[in-house]
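Residues per chain are reported as follows:
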There are 2 protein chains.
Amino acid sequence: MLLLRDMSKYDSDLDLCFSALGDPTRRRILERLARGEATVSELADPHDMALPSFMEHLKKLEAAQLITSKKQGRTRICSLSPTAFVPARDWLSEQSTIWEGRLDRFDDYIQTLMEERNK
Amino acid sequence: MLLLRDMSKYDSDLDLCFSALGDPTRRRILERLARGEATVSELADPHDMALPSFMEHLKKLEAAQLITSKKQGRTRICSLSPTAFVPARDWLSEQSTIWEGRLDRFDDYIQTLMEERNK
DNA sequence: ATAAAAGTTAGGATATTTCCTAACTTTTAT
DNA sequence: ATAAAAGTTAGGAAATATCCTAACTTTTAT
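Residues numbered from 1 in each chain as written. Chains lettered and ligands numbered in written order. Predicted model: local features only at pLDDT ≥ 70, side-chain atom pairs only at ≥ 80, totals over all residues. Heavy atoms only, no water.

Let's talk about the protein's contact with DNA strand C
Taken together, 20 residues form the shell around DNA strand C, and within it Ser 53 and His 57 of chain A together with Ser 41, Met 55 and Arg 76 of chain B come nearest. Of all atoms in DNA strand C that approach within 4 Å of the protein, 71% are sugar or phosphate atoms. Interatomic distance of 3.2 Å between a side-chain N/O atom of Arg 26 of chain A and a phosphate oxygen of DNA strand C. Contacts to DNA strand C include Lys 60 of chain A, whose side-chain N or O atom sits 2.8 Å from a phosphate oxygen. At the level of elements, helix H5 (51-63) of chain A together with helix H4 (40-44), helix H5 (51-63) and strand E3 (75-80) of chain B are the ones that each hand at least two residues to the surface near DNA strand C. Of the residues forming the surface near DNA strand C, the biggest block, four residues, is contributed by H5 of chain A. Of the residues belonging to the surface near DNA strand C, the class tally is seven nonpolar, six polar and seven charged. (Near = heavy atom within 4 Å. Polar contact = N/O pair within 3.5 Å; in protein donor to acceptor, adjacent residues only side chain to side chain. Helix = DSSP H or I, 4+ residues; strand = E, 2+ residues; numbered from the N terminus. Nonpolar A, V, L, I, M, F, W, Y, C, P; charged D, E, K, R; others polar.)

Points about the protein's contact with DNA strand D
Lining the immediate surroundings of DNA strand D are 20 residues, of which Ser 41 and Met 55 of chain A together with Ser 53, His 57 and Lys 60 of chain B lie closest. The separation between a base nitrogen of DNA strand D and a polar side-chain atom of Arg 74 of chain A is 3.0 Å. Take His 57 of chain B: an N or O atom from its side chain is 2.7 Å from a phosphate oxygen of DNA strand D. At the level of elements, helix H4 (40-44), H5 and strand E3 (75-80) of chain A together with H5 of chain B are the ones that each hand at least two residues to the surface near DNA strand D. Ranked by residue count, the leading element in the surface near DNA strand D is H5 of chain B, at four residues. Residue classes in the surface near DNA strand D are distributed as seven nonpolar, six polar and seven charged.

What to know about the pattern of salt bridges
Enumeration according to the criterion identifies 10 salt bridges over all chains in this entry. Close ionic contact of Arg 27 of chain A with Asp 11 of chain B constitutes a salt bridge, the shortest N to O distance being 3.6 Å. Within this pair, whereas Arg 27 of chain A is found in helix H3 (residues 24-33), its partner Asp 11 of chain B is found in helix H2 (residues 7-21), the two belonging to separate chains. (Salt bridge = Lys/Arg side-chain N within 4 Å of Asp/Glu carboxyl O.)

What about the relation of the copies chain B and chain A?
With an RMSD of 0.1 Å, the operation that places chain B on chain A is a rotation of 180 degrees combined with a shift of 0.0 Å along the axis. What the rotation and shift describe, once combined, is the action of a two-fold rotation axis. When the interface residues of chain B are mapped onto chain A, 97% of them again fall at the interface, so both copies present the same face. (Least-squares fit on C-alpha atoms with pLDDT ≥ 70 in both. Contact = heavy atoms within 4.5 Å.)

Description of H5 of chain B
All names here are of chain B. Its 13 residues give H5 an end-to-end C-alpha distance of 18 Å, which sits within 8% of 18 Å, the value for a rise of 1.5 Å per residue. Of all the residues in H5, the buried ones are Phe 54, His 57, Leu 58 and Leu 61. Buried positions in H5, seen along its axis, are confined to an arc of 100 degrees and lie on one side of it. Of the exposed residues in H5, those oriented more than 90 degrees away from the buried face are Pro 52 and Lys 59. Just downstream of H5, Gln 65 is the residue with a positive phi angle, here 60 degrees. (Expected span 1.5 Å × (residues − 1). Buried < 20%, exposed > 50% of the residue type's maximum accessible area, 1.4 Å probe, protein only. Arc of directions from axis to C-beta.)

Some words on the sheet that holds E3 of chain B
Residues and elements named next belong to chain B. Ordered in space as E1-E3-E2, the three strands form an open sheet in which the pairing is antiparallel. Of all strands in the sheet, those bounded by a partner on one side alone are strand E1 (38-39) and strand E2 (67-72). As defined by bridge partners, E2 adjoins E3 across six bridges and the pair is classed as antiparallel. Paired with Gln 72 across the two strands is Thr 75, which belongs to E3. Contacting E1, E2 and E3, helix H3 (residues 24-33) crosses the sheet at an angle of about 85 degrees to E3. Along the sheet, H5 contacts E2 and E3; its crossing angle with E2, the most-contacted strand, is approximately 120 degrees. (Pairing = 2+ DSSP bridges. Axes fitted to C-alpha atoms, helices over the stretch in contact; angles between N-to-C directions.)

Here it is as structure tokens:
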């Protein structure tokens, strides 16, 4: 099964994704793009930052496959990637599920202890 | 309403949280802790890394409120924080919801498909 | 009472990240 | 044909992150 054979690719995808999400400027960009596509200047406008610095953030988002972009004439239009948050959400859900499953087992254990005591 | 008054704290919480998740060593630690609490050495064992380096990762996870720990005698026991993934999941869900709620989302999707096909 | 175990602290090397300015290319408007 | 607009590239400063070794403290086992 693929899942167990080579996690490293998925792993480095998640590295890029979560690291990209770990910066407030980049989350602002994603929040903006969730509402619709925008050009580089439109995105940069609310951010008090030199354009080349801002572009670095866009590059990271694109490397993390969180956004896509295409050039139209002299302007570049950026969009949120349709599957942007899927890998991150999946990882978080999986861990939560495991965690919650463990709590249930703990409840079972307590339950068993109580029953033993009441014999 | 608190939501609009000071996002900066929540923002920096999310910075710490997502940044912490952006490292494979730290995700391995969380995956381990989702299955139950463990001491520092138990956690460190599978990682080929000097203990002080490893401890830095634990510190980051604790600063991000993803784990908690308590000292018992000379050993420290670490646990996954019960609410560990809630803020991250909430942010991702919110963005997904906004994105999915866009009226023109489907049109965009078709547009993208067409463009892909004509390449 | 010593020694071993389990962390912790201090200090340092190297790489990456995050910002900047200046100069450049390509496209569009006058 | 020029100039302005929208990005892009190059190069560099400063801060942060990620690792290390060596030396230290506290607790437990012999």
